[in-house]
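A look at the structure
Each chain, written out:
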Amino acid sequence: MKLKIAIQKSGRLHEDSIKLLKECGIDINNGVNKLKTEATNFPLEVFFLRDDDIPQYIEDGVADIGVVGENVVLEKKKQVRVVEKLGFGKCRLSMAVPKAMDYNNVKDLHNLKIATSYPVILGDFLKNNGVTADIHEISGSVEIAPGIGLAAAICDLVSSGSTLFMNGLKEVETVLKSEAVLIANEGLQEAQQLLLQKLLFRIQAVRKAKNNKYILLNAPNNNLKEIISLLPGMKSPTVLPLAEEGWSSVHSVLNENDFWDIIESLKAAGAQGILVVPIEKMVI
Ligand code: ATP
Ligand code: MG
């Protein structure tokens, strides 16, 4: 019994999807131009597909699970279960108009011709905002539509915004924030469900580790209490005596986001020799 996973054949999500499997300790032979391959050390079959097709394949049960952008999941409206956010492929679906346009709010889109590859999401967005517009669906190079007179505005995926800028456009509304997600067929057999749980456990361990750092520092014993109170740790920090009298070595785990704030407080409390190192896997 194998779990079948669909990932993007080539494109922005391909490499990160393979990397995620690797970090989960799953080795696959990633031959170029292959449609299908198998993991060598996990009961996993990998299908390489166009991202647009993945939700349908999952709904139909051709594959059990898949990695795809939330934007595609919402656009395709297939019966699939979103299992986990994966933290890569981050982007937003935005409205953009020519730089020179006098844009104040969403009502300014009224009656405009808007080019997009996401007619369903855009349609919902306009409806929710009480705007009627002419949605023109195109499959790619949406950003050039205003420049060639095809549309007055666009609704397209953006990450840095540089593509919009280069095409003389400005971003005016965020329609949706998106990242890659793991989706699953809604009626998985028990064996597949168990394999999914196993994979998910590994994915979560990898993702938690990425958000955390291991910190080691030397603390003067007379200020140990204060230093420990600054460090959350998984249960509580580990404290070991140093060879030098009056000092201890303190080990703990820190959330990446708290890192700089805590470092400053630690230094102020007399901590020295602070080391912060990456964690590869983390199981709580
Ligand atoms: P395919 O050939 O598989 O259909 P595609 O051209 O439709 O590929 P890509 O451009 O590779 O798709 O993007 C795949 C996904 O990557 C998007 O659906 C989105 O979730 C995510 N993504 C992240 N950043 C961006 C960005 N700046 N532009 C477009 N997509 C992005
Ligand atoms: Mg696509």
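Everything quoted here is computed from the prediction, not taken from an experiment.

What counts, and where the lines are drawn
Residues numbered from 1 in each chain as written. Chains lettered and ligands numbered in written order. Predicted model: local features only at pLDDT ≥ 70, side-chain atom pairs only at ≥ 80, totals over all residues. Heavy atoms only, no water. Donors = N, O, S within 2.8 Å, 3.2 Å for Na, K, Ca; no water. Buried < 20%, exposed > 50% of the residue type's maximum accessible area, 1.4 Å probe, protein only. Helix = DSSP H or I, 4+ residues; strand = E, 2+ residues; numbered from the N terminus. Contact = heavy atoms within 4.5 Å. UniProt positions renumbered as here; feature names shortened; annotations may be inferred. Near = heavy atom within 4 Å. Polar contact = N/O pair within 3.5 Å; in protein donor to acceptor, adjacent residues only side chain to side chain. Areas by Shrake-Rupley, 256 points an atom, 1.4 Å probe, with all protein chains shown as cover. Nonpolar A, V, L, I, M, F, W, Y, C, P; charged D, E, K, R; others polar.

**Topic: the coordination of the magnesium ion (ligand 2)**
The protein atoms that coordinate the magnesium ion (ligand 2) are Asp51 (OD) and Asp52 (OD), at distances of 2.0 to 2.1 Å. Among the residues examined, aspartate 52 registers a relative accessible area of 29% and is labelled partly exposed.

**Some remarks on the side chain of glutamate 70**
Mapped onto the fold, glutamate 70 is located in helix H3 (residues 70-76). For glutamate 70, a relative accessible area of 16% translates into the label buried. Contacts of glutamate 70, omitting those with residues within four sequence positions, involve Lys85, Lys177, Ser178, Glu179 and Val181.

**Description of the UniProt feature "domain: ATP phosphoribosyltransferase catalytic" (unreviewed entry) in the protein chain**
In this structure's numbering, the residues bearing the UniProt feature "domain: ATP phosphoribosyltransferase catalytic" (unreviewed entry) are residues 50-204. Helix and strand shares over residues 50-204 are 28% and 32% respectively, and the end C-alpha atoms of the span are 26 Å apart.

**So, unusual backbone geometry**
A negative phi angle is the norm for most residues apart from glycine, just as the trans form is the norm for most peptide bonds. You will see that lysine 77, though not glycine, has its phi angle at about 50°, which is positive. On the accessibility criterion, lysine 77 (52% relative accessible area) is exposed. In this model, asparagine 111 sits at a positive phi of 65°, which is unusual for a non-glycine residue. For asparagine 111, the location among the structural elements is in the loop between strand S6 (91-98) and strand S7 (113-116). Given the relative accessible area of 62%, asparagine 111 is considered exposed.

**A word on the environment of proline 220**
In this fold, proline 220 is placed in strand S12 (residues 212-220). For proline 220 and alanine 269, which are 49 residues apart along the polypeptide, the C-alpha to C-alpha distance reads 9.0 Å. Setting aside its immediate chain neighbours within four residues, proline 220 contacts Ile227, Gly246, Trp247 and Gly270.

**Brief notes about the site of ligand 1**
Close contacts around ligand 1 come from 18 residues, with Arg50, Asp51, Asp52, Asn71 and Ser159 the closest. Take aspartate 51: an N or O atom from its side chain is 2.8 Å from an oxygen atom of ligand 1. A distance of 2.7 Å is found between an oxygen atom of ligand 1 and a side-chain nitrogen or oxygen belonging to asparagine 71. Considering ligand 1 on its own, with 630 Å² of exposed area, one finds that the protein chains cover 77% of that surface. Among the secondary structure elements, those contributing two or more residues to the shell around ligand 1 are H3 and strand S9 (153-158). Classifying every residue of the shell around ligand 1 gives 6 nonpolar, 7 polar and 5 charged.

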